[in-house]
Structure formats: structure tokens, C-alpha cells
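Topology and contacts: notes
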Amino acid sequence: MNERLPPLTALRAFEAAARHMSFAKAADELNVTPAALSYQIKALEADLGMPVFRRLNRAVELTEAGRALAPGTADAFSSLSAAWRNAKRLNNTDVLTVTAGPAFTSKWLAPRLYKFAQDHPEIELRFNAGLRLADFDRDEVDVAIRFGIEVGEGLFAAPLHQEWMTPMMTPELAQTIRTPADLAKTTLIHDDSVAFLKMNWDWASWCRAAEVDIDTEHGLRFSQADHALDAAMSGAGAVLGRITLATRALESGRLVAPFDVGIIADAQFRLVCPMGHEKRPHIKAFHDWVMNEIAASRKFEDGRRLIRADQNNA
């Protein structure tokens, strides 16, 4: 069997016509005449030895051979287009596209962006807030900031900060919560965004570390960490806050962390990009800036006992 591929122009003509199910629309997309597009498809059919379209009155439909060919050509040209865009991006150091989770974007990145813009006016930052894992070949993303334990192969991953949690509340509420046992008198706010870790990194784990026995099943539950922090800042109760996301609120005094016990886990935020891309000037500039800014969170570790959460399992 001769497995030689037909000309790329013929395959491109077929892919466009199969996608539009119209020779006229495909010709318009490819900026050729309908006659030229029809010639390309006839040449492809001659190479294949069978028709790929059934020509009807003012319409076309795929034959069995056309239906077999269409998915592969669509995927191939989609991959080729993505590869071309990625190759062109390597020469573009003016734009940096970053993806991060909604909580990290709103609580950490957004309040600090003006500093990066001041220090690097030559770089245009673009953000995509979402929790879907980044596909660097498909999504046209330069850098991802992700929270978790594992990192995919072939990726550069720089840990940003050891994440730990401790009770946080407004200064007004803290006036009535003098000891860990006093937490029983207030509403507990639960950050369920860490539930995917499949480990005890929650109020019950913190209470074991603090050696206090209170009911931790009650309270408000949020699927997003930033929503849980917002509820605490509104005075709704005490949240088991994650230090990276809560740094700005602690610095401004909107939240306080009155107790010296914090619980840590193996999960942490990481700055991720394809291996070798970390050396590109605009990515390195962003990496260095993030690492410098994240260092501010470390001051809240002073005088605190940080205990690994998985050492407190009942």
C-alpha cells in the first residue's frame, strides 16, 4: 500500500470543506476560488482512489471515506496551528500570559500587579483565572501558578512558599476569642477547596495540633478559598486561612491570626512552565518578582509552631 500523503494544500481544502460542509464557505476561508478548491479536492480523491464528498444539488455530504478522513485532518491542522503559534511566541518577549486559580488571582496577584507593571513596563501581562490544568502546547500560556502536590513531567516547577493554615478572624471577633477553646462560641468557616488533597488539612486537624476538643462539624462551607476569606473579613466567623492567600488581609489588619499553631501539608503553590522556558527573559522576570513578593508571607511564621497536618490524623 502506498502511504504517501497527498499535498498539504489538498488536505487543507478537504478539512475546511468538511468543517463547513460547503465548498463556497471553505473557499472563502482559504481565500481561493470555489473552482480552485474543487480542483484540490478532486486531486485528493484521485490520490485516494475514491470520492470523499457526495455532490448534491446545492449541498455536499461526506462519503464513508470522507468520514474516516475528516477527524484526523481536523486534529492535524489544529495541532499544526497550535505548534505554529507556540513557535512564534518564542520570539515574543513583550507579552506574558499567566494562568492561576481564581483565589490566587484575586487575593495575591491582583493586589500586587501594579508593582510588576512599574518594574517591567516593557512586558504586557495577560491573565487567565481558572483551575483547569494548563496545556502549554494548546492554551497559549507561558506560566501557570498551581496549588497541589504533584507536577507533570517535562515541566519546570518552582515552589513559591510552604503553605500553612491557622485560624483567622477580624480584630473585633478576636476580642472575644481569647483561647482556642473559645472557637466553640463562633461560626467556623470551612475552606473546602483543599478537599482534593485527600488528607486531614482542616479544622479537626488544627484542633488536634492545638490540643483543643471542640465540635468542628458546624459552620459555613465554601468551595473557593477566596470566598471563605471574604466571609471571615465580613465578620461571619473564623476561617482556617491559608497564609499565602491571606497575607494581604493580615498586613492590612482586616484579619488577625491570634494563635501560635499552624498546620502545614506537602501541597504548595508552584510557578510552572515548560522545562527550559524559565530562562526566557520575560518569564524569568516574572519568576523573580513573584519570589520576591512571596517572601513577605514568611514574616508571619515568626513565633509560630508549624505542625505537619498528616502527623495529626486520628
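The structure we're discussing is the one just above.
Here goes a summary of the coordinates provided. The residue count restarts for each chain, going from 1 along the sequence in the order it is written. The predicted origin of the model limits local features to residues at a pLDDT of at least 70 and limits the giving and counting of side-chain atom pairs to 80 or more, whereas totals for whole chains, interfaces and linings rest on all residues. To get the side-chain values, take all heavy atoms of the structure and skip hydrogens and water.

Right, let's get into the packing of aromatic side chains. Pairing of aromatic rings covers Phe, Tyr and the six-membered ring of Trp, with a centre-to-centre limit of 6.5 Å; geometry is then stacked below 30 degrees between planes, edge-to-face above 60, and tilted otherwise. Inspection of the entire model under this criterion finds 13 aromatic pairs. Summarising the aromatic geometry, the rings of Phe147 and Phe196 are spaced 6.5 Å apart at their centres and angled 75 degrees between planes, so their arrangement reads as edge-to-face. Within this pair, whereas Phe147 is found in strand E5 (residues 143-148), its partner Phe196 is found in the loop between strand E7 (188-191) and helix H8 (203-210), the two being separated by 49 residues in sequence. Partly exposed describes any residue whose relative accessible area lies between the buried limit of under 20% and the exposed limit of over 50%, with all areas from a 1.4 Å probe on protein chains only and scaled to the type maximum. Take Phe147: its relative accessible area is 16%, and that puts it in the buried class. Using a relative accessible area of 47% as the deciding quantity, one classes Phe196 as partly exposed. When the ring of Phe286 is compared with that of Trp289, the centres are 5.9 Å apart and the planes differ by 35 degrees; the resulting orientation is tilted. Highlighted residues: Phe286 and Trp289, both in helix H11 (residues 281-294), separated by 3 residues, approximately one helical turn. Comparing Phe286 with Trp289, the two get one shared label, buried. An aromatic cluster of at least three residues, connected via ring pairs, comprises Phe104, Trp108, Phe116, Phe147, Phe196, Trp201, Phe269, Phe286 and Trp289. Over the aromatic face of Phe77 sits the side chain of Arg12, whose NZ or CZ is 4.9 Å from the ring centroid. Counting from the N terminus, the helices are DSSP H or I runs at least four residues long and the strands are E runs at least two residues long. Distance and angle both matter: a charge sits over a ring if NZ of Lys or CZ of Arg is within 6 Å of the ring centre and within 35 degrees of the ring normal.

The next point concerns the environment of Ala87. Position of Ala87 among the secondary structure elements: in helix H4 (residues 64-89). Note: C-alpha distance between Ala87 and Asp137 (50 residues apart in sequence) is 9.8 Å.

With that out of the way, let us pick up the side chain of Glu278. Mapping Glu278 onto the fold places it in the loop between strand E10 (261-274) and H11. Lys279 provides the closest opposite charge to the buried, unpaired Glu278, separated from it by 5.1 Å. Sequence-distant contacts of Glu278, that is, excluding residues within four places in its chain, are made with Phe156, Cys273, Ile283 and Lys284. When charges are tallied, Lys and Arg are placed among the positive residues and Asp and Glu among the negative ones, while His and the ends of the chain are skipped. Put simply, a salt bridge is a Lys or Arg side-chain nitrogen that is within 4 Å of an Asp or Glu carboxyl oxygen. Two residues qualify as a contact provided that any one of their heavy atoms is within 4.5 Å of a heavy atom in the partner residue.

With that settled, the discussion passes to H11. Helix span is expected to be 1.5 Å times the residue number reduced by one. Across its 14 residues, H11 extends 20 Å between first and last C-alpha, which sits within 8% of the 20 Å expected from 1.5 Å per residue. Residues of H11 that are buried: His282, Ile283, Ala285, Phe286, His287, Trp289, Val290, Glu293 and Ile294.

This part covers empty space enclosed by the protein. A water-sized probe rolled over the atoms picks out the places where empty space is left. Cavities and pockets were defined on a 1 Å grid built over protein atoms only: a cavity is a set of grid points that admits a 1.4 Å probe from which the probe cannot escape, a pocket is an open set flanked by protein on both sides within 12 Å along at least five of seven lines, and lining residues are those with an atom within 4 Å of any such point. Grid points are joined across faces, edges and corners, and a volume is the space filled by probe spheres set on the points. Under the definition given, this model contains 1 cavity of 30 Å³ or more. Roughly 40 Å³ of internal volume is contained in the largest cavity. Along the walls of the largest cavity sit Asp191, Ala225, Ala228, Leu229, Val239, Leu240, Gly241, Arg242 and Leu245, which together make up its complete lining. Those elements that provide at least two residues to the lining of the largest cavity are helix H9 (225-233) and strand E9 (238-242). At 4 residues, the largest contribution of residues to the lining of the largest cavity is made by E9.

In this section: helix H2 (residues 23-30). Along H2, the positions that sit buried rather than exposed are Phe23, Ala26 and Ala27. One side of H2 carries all its buried residues, which in axial view fall inside an arc of 100 degrees. For H2, the exposed residues set more than 90 degrees away from the buried face come down to Lys25 and Asp28. Where H2 is buried, its residues touch helix H1 (8-20), helix H3 (34-48), strand E1 (53-56) and strand E2 (59-62). Between N or O atoms, a polar contact is any pair within 3.5 Å; within protein, one atom must be a potential hydrogen donor and the other a potential acceptor, and residues adjacent in sequence are included only when both atoms are from side chains. One side-chain oxygen of the residue at the start of H2 lies 3.4 Å from the amide nitrogen of Ala24, identifying that residue as Ser22. Each direction from the helix axis to a C-beta atom contributes to the arc, which is the arc of those directions.

Moving on, we get to the pattern of salt bridges. Considering all chains together, one arrives at 20 salt bridges under this definition. Arg19 is the salt-bridge partner of Glu29, the closest N and O atoms lying 2.9 Å from each other. Residue Glu29 is found in helix H2, and its partner Arg19 is found in helix H1; the two are separated by 10 residues along the sequence. Given a relative accessible area of 43%, Arg19 falls into the partly exposed group. Salt bridges here are not isolated pairs; linked through shared partners, they connect Arg12, Glu15, Arg19 and Glu29.

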